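# Understanding the architecture of this molecule
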Amino acid sequence: QVQLVESGGGLVQAGGSLRLSCAGSGRTFSTYAMGWFRQAPGKEREFVAAISWSHTSAYGDSVKGRFTISRDIAKNTVYLQMNSLKPEDTAVYYCAADKETIGGSAWLSLRMDYWGKGTLVTVSS
């Protein structure tokens, strides 16, 4: 069974940091682009960051300069370092993986090959 399992969410004060992890199992994701999306209450799921198999990265406008995505292919894991957190970053953060190039139709339509179940990040003011 192929799985993506997120961890590292929690409660943090504004200005603080958190590091999310997403561990893949059941297959290797070495040739997949992997990324993070988030969904706040009452809002649509939105793109946060992604990283290709060659470590090319992309970020949503709202997190540029504050969040950093990385991956360890040997560990089948992707990370999201979140700094300078704001209350508006509060959301459930989902890990995802897809064979398609970052920015392609799968990424735009959220029709990813694999999704994790999410981890909650709450930023208090």
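Residues numbered from 1 in each chain as written. Predicted model: local features only at pLDDT ≥ 70, side-chain atom pairs only at ≥ 80, totals over all residues. Heavy atoms only, no water.

## Digging into the overall build of the chain
Applicable threshold: Note on conventions: DSSP H or I runs of at least 4 residues are helices, E runs of at least 2 residues are strands, and numbering of each starts at the N terminus. For a compact globule the rule gives 2.2 Å times the number of residues to the power 0.38, and the radius of gyration it is set against comes from C-alpha atoms. Throughout, exposure labels follow a simple rule: accessible area from a 1.4 Å probe, protein chains only, divided by the maximum for the residue type, with under 20% read as buried, over 50% as exposed, and the rest as partly exposed. Between two residues, a contact is recorded if the distance between any of their heavy atoms is within 4.5 Å. Calculation of accessible area relied on Shrake-Rupley with a 1.4 Å probe; when residues are assessed, cover is drawn exclusively from the protein chains displayed. Asp and Glu are treated as the negative residues and Lys and Arg as the positive ones, with His and the ends of the chain left uncounted. A single reference atom marks each charge: NZ on Lys, CZ on Arg, CG on Asp, CD on Glu.
Per the secondary structure count, the chain includes one helix and eleven strands. Taken from the N to the C terminus, the helices and strands of the chain come in the order β-β-β-β-β-β-β-β-β-α-β-β. Since a compact globule built from 125 residues should have a radius of gyration of about 14 Å, the 13 Å found for the chain is in line with a globular shape. By its C-alpha atoms, the chain is 40 × 25 × 25 Å across when sized along the principal axes. By residue count, 42% of the 125 residues in the chain fall in the buried class. Long-range contacts, defined here as pairs at least 24 residues apart, represent 58% of the contacts in the chain between residues at least 6 apart. As displayed, the chain has an accessible area near 6400 Å², and 49% of this comes from carbon and sulfur atoms. One way to put it: in the chain the 13 positive side-chain charges average out to a point 4 Å from where the 10 negative ones average out.

## As for the sheet that holds strand E7 (residues 67-72)
Using the following cut-off: The rule for pairing is simple: two strands pair if DSSP sees at least two bridges between them. Lines fitted to the C-alpha atoms define the axes, with helices restricted to the stretch that makes contact. Angles between their N-to-C directions range from 0 to 180 degrees.
Read across the sheet, four strands follow the order E1-E3-E8-E7 without closing on themselves; strand pairing throughout is antiparallel. On the outer flanks of this sheet lie strand E1 (3-7) and E7, each paired with one strand and no other. Along the sheet, successive strands turn relative to each other by an average axial angle of 15°, direction set aside.

## Here's the deal with the packing of aromatic side chains
What counts is decided by this rule: The aromatic pairing rule takes the rings of Phe, Tyr and Trp, using the six-membered ring of Trp, and pairs them if the centres are within 6.5 Å, calling planes under 30 degrees apart stacked, those over 60 edge-to-face and the rest tilted. By definition here, charges over rings are those cases where NZ of Lys or CZ of Arg is within 6 Å of the ring centre and within 35 degrees of the ring normal.
Under the criterion given, the structure shown has eight aromatic pairs. Ring geometry for phenylalanine 29 and tyrosine 114: centres 5.5 Å apart, planes at 90°, overall edge-to-face. Of the two residues, phenylalanine 29 is situated in the loop between strand E3 (18-25) and strand E4 (33-39) and tyrosine 114 in strand E10 (residues 114-115); the sequence distance between them amounts to 85 residues. Judged by its relative accessible area of 0%, phenylalanine 29 is buried. Take tyrosine 114: its relative accessible area is 21%, and that puts it in the partly exposed class. Across the ring face of tyrosine 79, the terminal group of arginine 19 is positioned such that the distance to the ring centre comes to 4.0 Å. When the ring centre of tryptophan 115 is taken as reference, the NZ or CZ atom of arginine 45 above it lies at 4.7 Å.

## A word on the state of the cysteines
Where we set the bar: When the sulfur atoms of two cysteines come within 2.5 Å, that pair is taken as a disulfide.
Taken as a whole and judged by the stated rule, the model has one disulfide. What pairs with cysteine 22 in a disulfide is cysteine 95, and their sulfur atoms sit 2.1 Å apart. Between cysteine 22 and cysteine 95, the S-S dihedral sits near -80°, and the bridge is therefore left-handed. Here cysteine 95 lies in strand E9 (residues 91-98) and cysteine 22 lies in strand E3, a separation of 73 residues in the sequence. Across the pair, exposure class does not vary: cysteine 22 and cysteine 95 are buried alike.

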